[in-house]
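Take a look at the letters that make up each chain.
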Amino acid sequence: MSEETIKSLLTEERSFPPPADFVKRANAKDESIYEEGKNPEAFWENRAKELTWFKPWDKVLEWDLPFSKWFVGGKTNITVNCLDRHVEAGRGDKVAFYFEGEPGDRKAWTYAELLTEVKKFANVLKGLGVEKGDRVTLYLGMTIELPIAMLACARIGAAHTIVFGGFSPDSIRDRVEDSQSKVVVTADGGWRRGNVVPLKANIDKALEGSTPIQKCVVVKRTGDALPIEMQEGRDLWWHELMADASDDCPPEEMDAEDLLFILYTSGTTGKPKGIAHTTGGYMVGAATTTKYVFDLHDDDIYWCTADIGWITGHSYITYGPLMNGATGVIFEGAPNFPDKGRFWDIIQHYKVTIFYTAPTAIRAFMGWGTEWPEKYDLSSLRLLGSVGEPINPEAWMWYHEVIGHEKCPIVDTWWQTETGAIMITPLPGVTTTKPGSACRAFPGIDVAVVDEDGKEVGPGGGGFLVIKSPWPSMLRTVYGDDERYKQVYWSRFPHLYFTGDGCKVDEDGYLWLMGRVDDIMLVAGHNISTAEVESALVSHETVAESAVVGRPDPVKGQAISAFVTLKQGVDSSDELLKELRNHVATKLGPIAKPAEIHFTADLPKTRSGKIMRRLLRDIAGGKTLGDTTTLADPSVVESLRAQYEKQES
Ligand code: PRX
């Protein structure tokens, strides 16, 4: 960003106080929780006391900037808080997870059953030579074996490193080598849109040549649909190992600062960073945010649609909900297979009460039309959540009206792999929400928006989002690379954690996330956020989704180039193009009017659904394309480039 901070172009008048009947039984009903949060160490210590520890901590926080230790000297095991605690309290028969497979298979897993499976697989891992302090790579689809394997690692003190099932052999290889994992757990295949994802074949390729992996455990999921080869001496079937495993496995005593997991994030440049999370602080952060943000009660059915391969699944499918004794749903597959009603069918079937998904999915649903959700009974829903990208106000309104039937609060939750847990969010029983705003920091979290010099901006200002003090679930380092940790997160402003996101603060102090700062445009001396122009485009009735980038312009510095996908049944035309440009000008002012708009059937996205503006910038700027390996579908950029070049010539 330039000297000038982001100007607020988009204005939002709509606001939604929490419904009275929601407030009545909410876990947080009033401001008192924020008051308590003003003393973060006391706040987090009190939350930590709600969990089970073998030995309490001597000190809540040791802060040696930028390295933190939380609950110093405390001993615990996160699986005790996820499983044993509930079973011992007589809640062993409560369903922990409903599993919903793509081919239609369903199974319920109680807390007692899950604990038994975790102990058995923990013994399997021990039998394969895994010891406390080792790393284990998990490369699985969304089946029950994934949470079982991650909890089994935690049970015996091995760190899991989960590689999302959509990643290629090269990505697996990089991560296995960086983490020096001894064992990998995979499946023969996973179901997705009627096809088999060749998980085991990818592992075979990834492990060619020299590798630290000694053993590979294979879950049988797709069976005859895709035959696989088992390598003698290395590969072993999950079901055969489990058949002989003992279900007696006491939890390993873990120091609060022992490594719990590594999760790799692929930045825009360089090799992936192994984000390192430790036991005690992560446990407290995940448990507390789940309890208050999702307002969990004993009778809730909670469904987070993320993949466990992302941080959202780690914190808000496995650890957070289990620590709260919740009943969750795990689903395999995709939202549009066998048809575009899949999600609504799952909500209707399980009577889901809390639903957590991503803006990219919501915009897809909007594009498919209201007829899909309208076919199903969604009346069980009482709370909706969003995560992963800024949610455009119109997408928020659609979510509120069509899915939430205007009665469900929406929690737009901002956080990162690095933060481990939700940092900015409304509390559903306390906060009056505004469509498109993540509202305010979670209690005990100290965020600010600062200008180029690190000076805090006031209401009406904009700049860089930073976090001012340490928090329990913060990353401890980049695995094996403290220098990179310092350089990426603590060098832009020496005393502030740099999130890399742009943010503005409105007159009421509400926070509006503006996307990655690299994506913010500088047009004729004004900083304009891509998120705002995209939201203005999505507010037009014909637009399903859009991605906006700045391309070099000799006069203005940068000119705005927009890529737009239209809703189903809408045709592109020159008139519509003109209308959309004017629509943006009316919403945001003439400065934000796109110089050009390109209609496209698809936008390039990462495998976690985020729009990759970097590649669109390359296309619009006529540059050679940068790294495309993290794209979900690389053919999308190629066809966009061909289309772009045709239009420009
Ligand atoms: O740019 C922000 C965006 O996603 C980034 C973090 O990505 P990742 O580590 O993959 O974790 C995603 C799930 C927590 C952030 O730096 N982001 C995430 N949530 C939001 C968001 N941007 C705006 N609003 C959100 N609610």
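Residues numbered from 1 in each chain as written. Predicted model: local features only at pLDDT ≥ 70, side-chain atom pairs only at ≥ 80, totals over all residues. Heavy atoms only, no water.

Student: Explanation requested: the site of the ligand in the structure shown.
Tutor: The full set close to the ligand counts 16 residues, and Asp412, Thr413, Gln416, Thr417 and Asp501 are the nearest of them. One of the side-chain N or O atoms of Gln416 is found 2.9 Å from an oxygen atom in the ligand. For the ligand, whose accessible area on its own is 540 Å², the fraction buried by protein is 88%. Those elements giving two or more residues to the shell around the ligand turn out to be helix H11 (311-323), strand S20 (410-413) and strand S25 (511-516). Considered class by class, the residues forming the shell around the ligand number 6 nonpolar, 5 polar and 5 charged. (Near = heavy atom within 4 Å. Polar contact = N/O pair within 3.5 Å; in protein donor to acceptor, adjacent residues only side chain to side chain. Areas by Shrake-Rupley, 256 points an atom, 1.4 Å probe, with all protein chains shown as cover. Helix = DSSP H or I, 4+ residues; strand = E, 2+ residues; numbered from the N terminus. Nonpolar A, V, L, I, M, F, W, Y, C, P; charged D, E, K, R; others polar.)

Student: Is there a simple way to explain the sheet that holds strand S11 (residues 215-219) in this structure?
Tutor: Within a sheet, each strand pairs with its neighbour through backbone hydrogen bonds, oriented either parallel or antiparallel. Judged by pairing direction, the sheet is mixed, and its 8 strands sit side by side in the order S12-S11-S8-S6-S7-S14-S15-S23 without closing on themselves. The open sheet has two free edges, formed respectively by strand S12 (235-237) and strand S23 (477-478), since each of these has just one partner strand. Bridge count for strand S7 (residues 159-162) against strand S14 (residues 259-265) is 2 bridges, and the pairing is parallel. Bridge pairing in S14 places Thr161 opposite Ile262. Strands strand S6 (135-139), strand S8 (183-187), S11 and S12 of the sheet are contacted by helix H8 (residues 199-206), whose axis makes an angle of about 150° with S8. (Pairing = 2+ DSSP bridges. Contact = heavy atoms within 4.5 Å. Axes fitted to C-alpha atoms, helices over the stretch in contact; angles between N-to-C directions.)

Student: For this particular structure, what's the right way to read the packing of helix H4 (residues 78-91) against H11?
Tutor: Between two packed helices, the angle of one axis relative to the other and the distance separating the axes together describe the packing. It is the contact of H4 with H11, at a shortest axis distance of 8 Å, that shows an interaxial angle of 55°. The pairing of H4 with H11 is recorded here as oblique in orientation. Of the two possible hands of crossing, H4 and H11 adopt the one that is left-handed. Residues Ile78, Asn81, Cys82, Arg85 and His86 of H4 form the contact with H11, whose participating residues are Tyr319, Leu322 and Met323. Among the residues forming the contact of H4 with H11, the class breakdown is 5 nonpolar, 2 polar and 1 charged. (Parallel < 35°, antiparallel > 145°, perpendicular 65-115°, else oblique. Left-handed = near helix turned anticlockwise from the far one by under 90°.)

Student: Before we go on, may I ask you to explain the nonpolar core in this structure?
Tutor: Side chains of nonpolar character tend, in soluble globular proteins, to be buried together. Residues Phe71, Phe121, Phe294 and Tyr319 are the most contacted members of the largest nonpolar core, which totals 132 residues. In terms of residue count, the dominant contributor to this core is helix H6 (residues 145-156) (9 residues). When sequence neighbours within four positions are dropped, the list of residues in contact with Tyr319 reads Ile78, Cys82, Met150, Leu151, Ala154, His160, Leu260, Phe261, Tyr282 and His314. Counting 51 residues, the second largest nonpolar core, distinct from the first, contains Phe331, Phe343, Trp372 and Ile410. (Core = buried A, V, L, I, M, F, W, Y, C linked by side-chain atoms within 4.5 Å. Buried < 20%, exposed > 50% of the residue type's maximum accessible area, 1.4 Å probe, protein only.)

Student: Where do I start with helix H15 (residues 393-403) in this structure?
Tutor: Residue pairs spaced three or four apart in an α-helix point in one direction, given the helix's 3.6 residues per turn. Most of H15 is tucked away: 9 of the 11 residues are buried. Turning to H15, its buried residues number three or more, namely Pro393, Ala395, Trp396, Met397, Trp398, Tyr399, His400, Val402 and Ile403.

Student: I'm lost on the packing of helix H13 (residues 359-368) against H15 in this one. Help?
Tutor: Following both chains from N to C, one finds H13 and H15 inclined at 70°, their axes separated by 10 Å at the closest point. The angle between H13 and H15 places the two elements in the roughly perpendicular class. Contacts from Ile362, Arg363, Phe365 and Met366 in H13 reach Glu394, Ala395, Trp398 and Tyr399 in H15. Residue composition of the contact of H13 with H15, by class: 6 nonpolar, no polar and 2 charged.

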